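Structural characterization, general
Spelled out, the chains give:
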Amino acid sequence: MAEADGAGTPRERYRAQVRAEIKQHAWEQIGTAGASGLSLNAIAKQMGLSGPALYRYFSGRDELITELVRDAYRSLADTLHAVAAESGSASPGAEPSASGKAAGAESSVSGKAAGAESSVSGKAAGAEPSATGKAATGTSRTADLAELAHALRGWALEDPNRYFLVYGTPVPGYHAPDDTTLIADEIMRMLLDACMALPPRREPAPFAAHIVEHRQWAEGHPAPPAALHKALTFWTRLHGVLSLEAAGHFSGMGFDPARLFDAELDDLLDG
């Protein structure tokens, strides 16, 4: 794809360059005013373009947000694919596409432009898991899930604005196209694969019976009820901790957020 890999005609390469610059300015706006404050006219002014000229590259705010959302999801999916490939837990046939890798890379660059380098995210992104954490010392299959968890945390704290765009409060008036959920489903499949590899450690909870009849979100994945429950619990609890940490709510509380994250992960792996 010309926008991602530099191929195509000079005109196509120029168009891709301008679109990438627009997205970079969009991330900067999101970093200061949030996604709801995104303004194409303001971006045009920053770039020395007229409003109508900018609309030749993006038809409106929603198309621009959709591109940012796709880039963010693609970046996370590629991050988790890399971890899964190293640990041997990748889903069969779930290799990221070349265009996906490029989109994720572009998202990473654009995300950094937002300048979201809070002290919380800066410390947390480089924090090592606790030496005693089972997440770091479990079996290889358990480590797969733990590695996905730490990769998710590192990705989230590298750029909180990017994280909150896809996992934060929905942008008022914006409705993402259905195809944006395909990458989110790809991410969930990796999590379900890792949860299926874990041995059952307790009697199925009542919720596991309920989820058998309400598993549309798993998109046909063959995971048994216990793995479905584990995946949902993993997703909700760890995102809860991550959302608070990325938003800076642990600042001044005096504890290490990395250790809290490890403690939650240990509890999930033991449960």
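1. Looking at the overall build of the chain
When helices and strands are tallied, the chain shows 14 helices and 0 strands. Shown N-terminal to C-terminal, the secondary structure of the chain runs as helices and strands in the order α-α-α-α-α-α-α-α-α-α-α-α-α-α. Expressed as a percentage of its 271 residues, the buried residues of the chain come to 45%. In the chain, once contacts between residues fewer than 6 apart in sequence are set aside, the share between residues at least 24 apart is 75%. Accessible surface computed for the chain: about 13300 Å², of which carbon and sulfur atoms make up 55%.

2. Notes on the packing of aromatic side chains
Within this structure, the stated rule accounts for 5 aromatic pairs. Aromatic pair Y167 and W235: ring centres 5.8 Å apart, planes at 80 degrees, arrangement edge-to-face. Of this pair, Y167 sits in helix α10 (residues 160-167) while W235 sits in helix α13 (residues 225-246), and the two are 68 residues apart along the sequence. Looking at W235, the relative accessible area reads 17%, which means it is buried. Aromatic pair F250 and F255: ring centres 5.1 Å apart, planes at 55 degrees, arrangement tilted. Relative accessible area serves as the criterion here: at 11%, F250 is assigned to the buried category. Taking the relative accessible area as the measure of exposure, F255 reaches 33% and is therefore partly exposed. Over the ring of F58 we find R19, and its NZ or CZ is 4.2 Å from the ring centre.

3. Digging into unusual backbone geometry
Despite not being glycine, E219 shows a phi value in the positive range, around 50 degrees. Tracing the chain through its elements places E219 in the loop between α12 (206-212) and α13. Here E219 falls in the exposed class, since its relative accessible area comes to 52%.

4. Considerations on the nonpolar core
Ranked by internal contacts, the top residues of the largest apolar core, which has 64 residues, are I22, I43, L64, L145, L191 and F234. With 10 residues, the single largest contributor to this core is helix α5 (residues 61-87). Filtering out sequence-adjacent residues up to four positions away, I22 remains in contact with I43, M47, L54, Y57, F58 and L64.

5. Regarding the pattern of salt bridges
Inspection of the entire model under this criterion finds 13 salt bridges. Measuring nitrogen to oxygen at the nearest pair gives 3.0 Å for the salt bridge that ties R61 to D62. In this structure, the salt-bridge partner of E67 is R70, at a minimum N-O distance of 3.2 Å. Here the residue E67 and the residue R70 both occupy positions in helix α5, the gap between them amounting to 3 residues, near one helical turn.

6. Quick look at the side chain of R162
Within the secondary structure, R162 is located in helix α10. In terms of polar contacts, R162 uses its side chain to reach the side chain of S75, at 3.4 Å. Within the structure, the side chain of R162 is placed 3.2 Å from the backbone oxygen of W155, a separation counted as a polar contact.

7. Digging into the environment of A20
Among the secondary structure elements, A20 is positioned in helix α2 (residues 10-33). Exposure remark for A20: the relative accessible area of 23% places this residue in the partly exposed category.

Reading guide: rules and limits
- Residues numbered from 1 in each chain as written.
- Predicted model: local features only at pLDDT ≥ 70, side-chain atom pairs only at ≥ 80, totals over all residues.
- Heavy atoms only, no water.
- Helix = DSSP H or I, 4+ residues; strand = E, 2+ residues; numbered from the N terminus.
- Buried < 20%, exposed > 50% of the residue type's maximum accessible area, 1.4 Å probe, protein only.
- Contact = heavy atoms within 4.5 Å.
- Areas by Shrake-Rupley, 256 points an atom, 1.4 Å probe, with all protein chains shown as cover.
- Phe/Tyr/Trp six-rings, centres within 6.5 Å; stacked < 30°, edge-to-face > 60°.
- Lys NZ or Arg CZ within 6 Å of the ring centre and 35° of its normal.
- Core = buried A, V, L, I, M, F, W, Y, C linked by side-chain atoms within 4.5 Å.
- Salt bridge = Lys/Arg side-chain N within 4 Å of Asp/Glu carboxyl O.
- Polar contact = N/O pair within 3.5 Å; in protein donor to acceptor, adjacent residues only side chain to side chain.

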